[in-house]
Amino acid sequence: VGSYVIAGRQFQIVDSHKHTRTFKNMYYLLYHGVKWATIRQVPRSEALKKGLTIIKIANRVLYSESYVELAYSIMKHFNLRYNGITRLDLCYDCNKFYDGRNPARFVNNFVFKDPQEKGGVVRRGSDKFSAHGSRKHSCGSKITSIRFGSENNAVGCYMYDKTIELKEVKDKPWIREMWEMNGLVSDDDNHVWRTEISIKSGGKDLVNLETGQIFSLSPKYIEHYENIEKLFHFYAAKYLDFRINNGQKNLRNFARLYLFN
């Protein structure tokens, strides 16, 4: 707890006076009074190493170019050794999917349309999903979020209406600014849908498609936007592999449905 110069910036570390089920101590890293990271220390379980520290970069900072620099600067300043990524969330925001496909209509078709009907969609792999939505008196049900697969999977995949979330749950101006910079429109007539891939520690081993070698994710790999984009498409190709019925009778003949540019 105190004031520190990290990566040329004057930060304050304050005790949150909160704790979690896993850690006894939790601190906030503040810059000009704004939270840039949360630091958790002193594990409750004896099965965890005493010096284990979790650094969680704040959502606001993840929309800048300094999140990896910040993580490594914190580790260097406090003499911490990198051990691994506990969770990494990759997201793809859009008004329309590839070829102008409407995300809301795609999700509704996935949930409600029989795969044996023309236009029916199936996902390769687990057939489990959970969805949330709403129903108005004037129209039918509308799905606003869906999780594919089991909650316990090492890699979780979600699609949800981010415009509604920012409006009804918590507004994040830095996200709306990022949308505007990239030409996305978020208003009553145009909603931004987010496809999110959440990678837990058990799912962070990747295969290099060129060499066949297995390697683990590190913060250095996600320093550059090009690598983040490759990483999203790598996981999307495996975990968001959808097939559409274009009139075929057998599932094995369904066409591959590409959603992402």
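Asks: Before we move on, could you go through the sheet that holds strand 3 (residues 23-31) and cite the residues and values that matter?
Replies: Across the sheet, five strands lie side by side as 1-2-3-4-5; this open sheet has antiparallel pairing. Bordering the open sheet on either side are strand 1 (2-6) and strand 5 (54-57), each of which pairs with just one other strand. Going from strand to strand, the sheet's axes swing by 25° on average, the running direction of each strand aside. Relative to strand 5, strand 4 (residues 34-43) runs antiparallel, the two being bridged by four bridges. Note that in strand 5 the partner of I39 across the bridge is I55.

Asks: Could you give an account of the environment of M75, naming the residues involved and the relevant values?
Replies: The topology assignment puts M75 in helix 2 (residues 67-77). Not counting the four nearest positions on each side in its chain, M75 is found in contact with I55, L80 and Y82.

Asks: Hey, could you go over the nonpolar core for me, with residue numbers and the actual values?
Replies: Nonpolar side chains tend to gather and get buried jointly when the protein is soluble and globular. One finds F106, M159, I197, F242 and F260 to be the most contacted residues of the largest nonpolar core, which totals 47 residues. The dominant element in this core, judged by the number of residues it contributes, is helix 2, at five residues. One finds L166, I175, W179 and V192 within the second-largest nonpolar core, a separate group that totals six residues.

Asks: I'd love a proper account of the sheet that holds strand 15 (residues 255-257), names of residues and values included.
Replies: Within the open sheet, the three strands sit side by side as 7-14-15. Their pairing is antiparallel. At either end of the open sheet lies a strand with only one pairing partner, and these are strand 7 (121-123) and strand 15. With strand direction ignored, the average angle separating the axes of adjacent strands in the sheet is 40°. Relative to strand 14 (residues 242-244), strand 7 runs antiparallel, the two being bridged by three bridges. For R123, the partnering residue across the bridge sits in strand 14 and is F242.

Asks: How would you explain the layout of surface pockets if you had to name every residue and give the values?
Replies: Approximately 310 Å³ is the volume found for the second largest pocket. What lines the second largest pocket is a set of 17 residues, and nearest its centre among them are N102, A104, D161, H191 and W193. When residues of the lining of the second largest pocket are traced back to their parent elements, those giving at least two are helix 3 (103-112) and strand 9 (141-148). Per-element tally for the lining of the second largest pocket: the top contributor is strand 9, with four residues. Split into classes, the residues belonging to the lining of the second largest pocket amount to five nonpolar, seven polar and five charged.

Asks: I'd like a description of the packing of aromatic side chains, backed by residues and values.
Replies: With the rule as written, the count across this model stands at 16 aromatic pairs. Both rings, one in F110 and one in F148, keep their centres 5.2 Å apart while their planes meet at 80°; by these two values the pair is edge-to-face. A residue pair is termed long-range when its members are at least 10 positions apart, and F110 in helix 3 and F148 in strand 9 qualify at 38 residues. Judged by its relative accessible area of 12%, F110 is buried. Seen in terms of ring centroids, F234 and Y235 are 5.6 Å apart; in terms of plane orientation they differ by 75°. Their pairing is edge-to-face. For F234, a relative accessible area of 25% corresponds to the partly exposed category. By relative accessible area, which is 1% here, Y235 ends up buried. An aromatic cluster is defined as three or more aromatic residues linked by ring pairs; in this entry it consists of Y92, F97, F106, F110, F129, F148, F232, F242 and F260. One cation-aromatic arrangement involves K35 over Y28; the distance from NZ or CZ to the ring centre is 4.5 Å.

Definitions and limits used
- Here, residues in each chain are numbered from 1, in the same order as that chain's written sequence.
- In keeping with the model being predicted, local features are shown solely for residues with a pLDDT of at least 70 and side-chain atom pairs are shown and tallied solely at 80 or more, while totals for entire chains, interfaces and linings include all residues.
- Excluding hydrogens and water, the side-chain figures rest on all heavy atoms present in the structure.
- Strand pairing is assigned whenever DSSP identifies at least 2 bridges connecting the two strands.
- Numbering of helices and strands starts at the N terminus; helices are DSSP runs of H or I of at least 4 residues and strands are runs of E of at least 2.
- Between N-to-C directions, angles cover 0 to 180 degrees, with each direction set by a line fitted to C-alpha atoms, over the stretch in contact for helices.
- The contact rule is simple, with two residues in contact once any of their heavy atoms fall within 4.5 Å.
- Think of a nonpolar core as a cluster: buried Ala, Val, Leu, Ile, Met, Phe, Trp, Tyr and Cys residues, connected wherever their side-chain atoms sit within 4.5 Å.
- Only protein chains enter the calculation, and the probe is 1.4 Å; a residue is then buried if its accessible area is under 20% of its type maximum, exposed if over 50%, and partly exposed in between.
- Cavity means a closed set of points on a 1 Å grid over the protein atoms alone, one where a 1.4 Å probe fits but cannot get out, pocket means an open set with protein on both sides within 12 Å along at least 5 of 7 lines, and lining means a residue has an atom within 4 Å of a point.
- Grid points are joined across faces, edges and corners, and a volume is the space filled by probe spheres set on the points.
- Under the grouping applied here, Gly and all other residues not named as nonpolar or charged are polar, the nonpolar ones being Ala, Val, Leu, Ile, Met, Phe, Trp, Tyr, Cys and Pro and the charged ones Asp, Glu, Lys and Arg.
- Only rings of Phe, Tyr and Trp enter the pairing, Trp through its six-membered ring, and a pair is recorded when the two centres are within 6.5 Å. The plane angle decides the type: under 30 degrees is stacked, over 60 is edge-to-face, the rest tilted.
- In this scheme, the term charge over a ring applies when either NZ of a lysine or CZ of an arginine sits within 6 Å of the ring centre and within 35 degrees of the ring normal.

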